[in-house]
Amino acid sequence: MIQLILFGPPGAGKGTQSTFLVEKYNLVHLSTGDIFRYNIKNETPLGKLAKTYMDEGKLVPDDVTIQMLESEVNKHQNPEGFIFDGFPRTASQAAALDAFLASKNSGISALVALEVPEDELKIRLAERAKTSGRADDAKPEVIQNRIDVYKNETTPVMDHYKKQDKFISVSGVGSIPEITDRLTQVIDSLR
Ligand code: ADP
């Protein structure tokens with residue numbers, strides 16, 4: 001079973017690449033951002049709570065996020081594997097994920113980090129804002145906040161998996177198919 005963390009800053013291309021990888025390897029794609037947006041659209045209590053954080057580019061609190069992620073994983077019986085996209089985003093989410101998977105006699109196969117320079121991220125997010133309809137893409141100060149949160153709160157997740165020797169870096173610059181090729185080479189080496 002492949003349990004991949006697809007990691008990277010906002011705008012790195014995690015969602016885009018996940019759609020290709022899910023199809024190729026028959027994996028379940030769990031994007032915490034997508035799940036929160038689904039809850040916002042449906043005006044659930046979770047969505048109302050998450051919106052207050054997301055609109056400002058802040059992280060939704062760990063306890064809420066971890067509980068949501070675990071219940072999503074538990075919805076799938078005997079999957080061939082998971083791509084975790086946008087999770088874990090803090091060191092404590094990483095520790096919680098490891099403990100949760102260990103309780104199922106499983107664990108993360110690898111964290112694959114899509115590396116994209118900050119200037120390029122800002123250009124991509126500003127471009128995405130034209131079509132995404134996402135409030136958090138629309139304002140430059142919110143984009144900056146998300147990048148800062150990534151640097152301060154999320155990069156420790158890389159160190160967490162480096163210590164476990166599960167960290168793999170992939171360049172996220174290039175055409176979409178080029179990057180998919182890089183990722184499939186990595187995944188094939190894990191199987
Ligand atoms: P991006 O990678 O472009 O920032 P996401 O869709 O992954 O977009 O996340 C959008 C927002 O959803 C984040 O800025 C944050 O507010 C919230 N969010 C997503 N995943 C998490 C998480 N694991 N922990 C806390 N908040 C999260």
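Structure's up top.
Let me begin by describing the structure that accompanies this report.

Parameters and conventions
Residues numbered from 1 in each chain as written. Predicted model: local features only at pLDDT ≥ 70, side-chain atom pairs only at ≥ 80, totals over all residues. Heavy atoms only, no water. Helix = DSSP H or I, 4+ residues; strand = E, 2+ residues; numbered from the N terminus. Rg over C-alpha atoms; globule rule 2.2 N^0.38 Å. Buried < 20%, exposed > 50% of the residue type's maximum accessible area, 1.4 Å probe, protein only. Areas by Shrake-Rupley, 256 points an atom, 1.4 Å probe, with all protein chains shown as cover. Near = heavy atom within 4 Å. Polar contact = N/O pair within 3.5 Å; in protein donor to acceptor, adjacent residues only side chain to side chain. Nonpolar A, V, L, I, M, F, W, Y, C, P; charged D, E, K, R; others polar. Axes fitted to C-alpha atoms, helices over the stretch in contact; angles between N-to-C directions. Parallel < 35°, antiparallel > 145°, perpendicular 65-115°, else oblique. Left-handed = near helix turned anticlockwise from the far one by under 90°. Contact = heavy atoms within 4.5 Å. Core = buried A, V, L, I, M, F, W, Y, C linked by side-chain atoms within 4.5 Å. Expected span 1.5 Å × (residues − 1). Arc of directions from axis to C-beta. Salt bridge = Lys/Arg side-chain N within 4 Å of Asp/Glu carboxyl O.

Next up on the list: the overall build of the protein chain. Within the protein chain one finds 10 helices and five strands. By the compact-globule yardstick of 16 Å for 191 residues, the protein chain fits well, its C-alpha radius of gyration being 16 Å. Seen through its C-alpha atoms, the protein chain measures out along the principal axes to roughly 40 × 40 × 30 Å. Per-residue burial over the protein chain gives 45% buried out of 191 residues. For the protein chain, the computed accessible surface area is about 9,700 Å², with 51% contributed by carbon and sulfur atoms.

Time to look at the site of the ligand. Taken together, 20 residues form the shell around the ligand, and within it Thr 32, Arg 37, Lys 58, Gly 86 and Arg 146 come nearest. In this structure, Gln 93 approaches the ligand through a side-chain N or O atom, which is 2.9 Å from a nitrogen atom. One nitrogen or oxygen atom from the side chain of Arg 128 is found 2.9 Å from an oxygen atom belonging to the ligand. Here the ligand has 540 Å² of accessible area as a free molecule, and 97% of this is covered by the chains. Tallying contributions element by element places helix H2 (residues 32–41) first for the shell around the ligand, with four residues. Here the residues of the shell around the ligand are counted per class, giving six nonpolar, six polar and eight charged.

On to the packing of helix H5 (residues 91–102) against helix H9 (residues 156–163). Packed helices, taken two at a time, are described by the angle between their axes plus the distance between the axes. Remark: H5 packs on H9, axes separated minimally by 8 Å, with the N-to-C direction vectors making an angle of 40°. Viewed along their axes, H5 and H9 adopt a mutual orientation that is oblique. Handedness of the crossing formed by H5 with H9: right-handed. Mapping the contact onto sequence places Ala 91, Ala 94, Ala 95, Leu 97 and Asp 98 in H5 and Pro 156, Val 157, His 160 and Tyr 161 in H9. Residue classes in the contact of H5 with H9 are distributed as seven nonpolar, one polar and one charged.

Moving on, we get to the nonpolar core. In terms of nonpolar packing, the biggest core is built from 29 residues, with Ile 5, Phe 7, Leu 30, Phe 84, Leu 97 and Tyr 161 touching the most fellow members. Leaving out residues up to four positions away in the same chain, Tyr 161 has contacts with Ile 5, Pro 88, Ala 94, Leu 97, Asp 98, Ile 108, Leu 111, Lys 166 and Phe 167. Membership of the second largest hydrophobic core comes to 18 residues, among which are Tyr 25, Val 116, Val 170 and Leu 183.

With 15 residues, helix H10 (residues 176–190) extends 21 Å between its outermost C-alpha atoms, agreeing within 8% with the 21 Å of an ideal straight helix rising 1.5 Å per residue. For H10, the set of buried residues is Ile 179, Thr 180, Leu 183, Thr 184, Val 186 and Ile 187. Along the axis of H10, the buried positions cluster into a sector of 160°, meaning they face one direction only. Exposed and oriented more than 90 degrees from the buried face of H10 are Pro 177, Gln 185 and Ser 189. The inward-facing, buried residues of H10 contact strand E1 (2–7), helix H1 (14–25), strand E4 (110–115) and strand E5 (167–171).

The full count for this structure, using the stated rule, is 13 salt bridges. Arg 37 is the partner of Asp 34 in a salt bridge, and the nearest nitrogen-oxygen pair spans 2.9 Å. Taken as a pair, Asp 34 and Arg 37 lie in helix H2 at a separation of three residues, close to a single helical turn. Note that Arg 124 and Glu 120 form a salt bridge whose closest N and O atoms lie 3.0 Å from each other. Taken as a pair, Arg 124 and Glu 120 lie in helix H6 (residues 118–132) at a separation of four residues, close to a single helical turn. Residues joined in a network through salt bridges with shared partners are Arg 128, Arg 134, Asp 136, Asp 137 and Arg 146.

Here we come to the environment of Ile 176. With respect to the element layout, Ile 176 can be found in helix H10. Between the alpha carbons of Ile 176 and Leu 121 there is a distance of 15 Å; along the sequence they are 55 residues apart. Residues in contact with Ile 176, not counting those within four places in the same chain, are Thr 16, Gln 17 and Phe 20.

What is shown is where atoms sit, not what they do.
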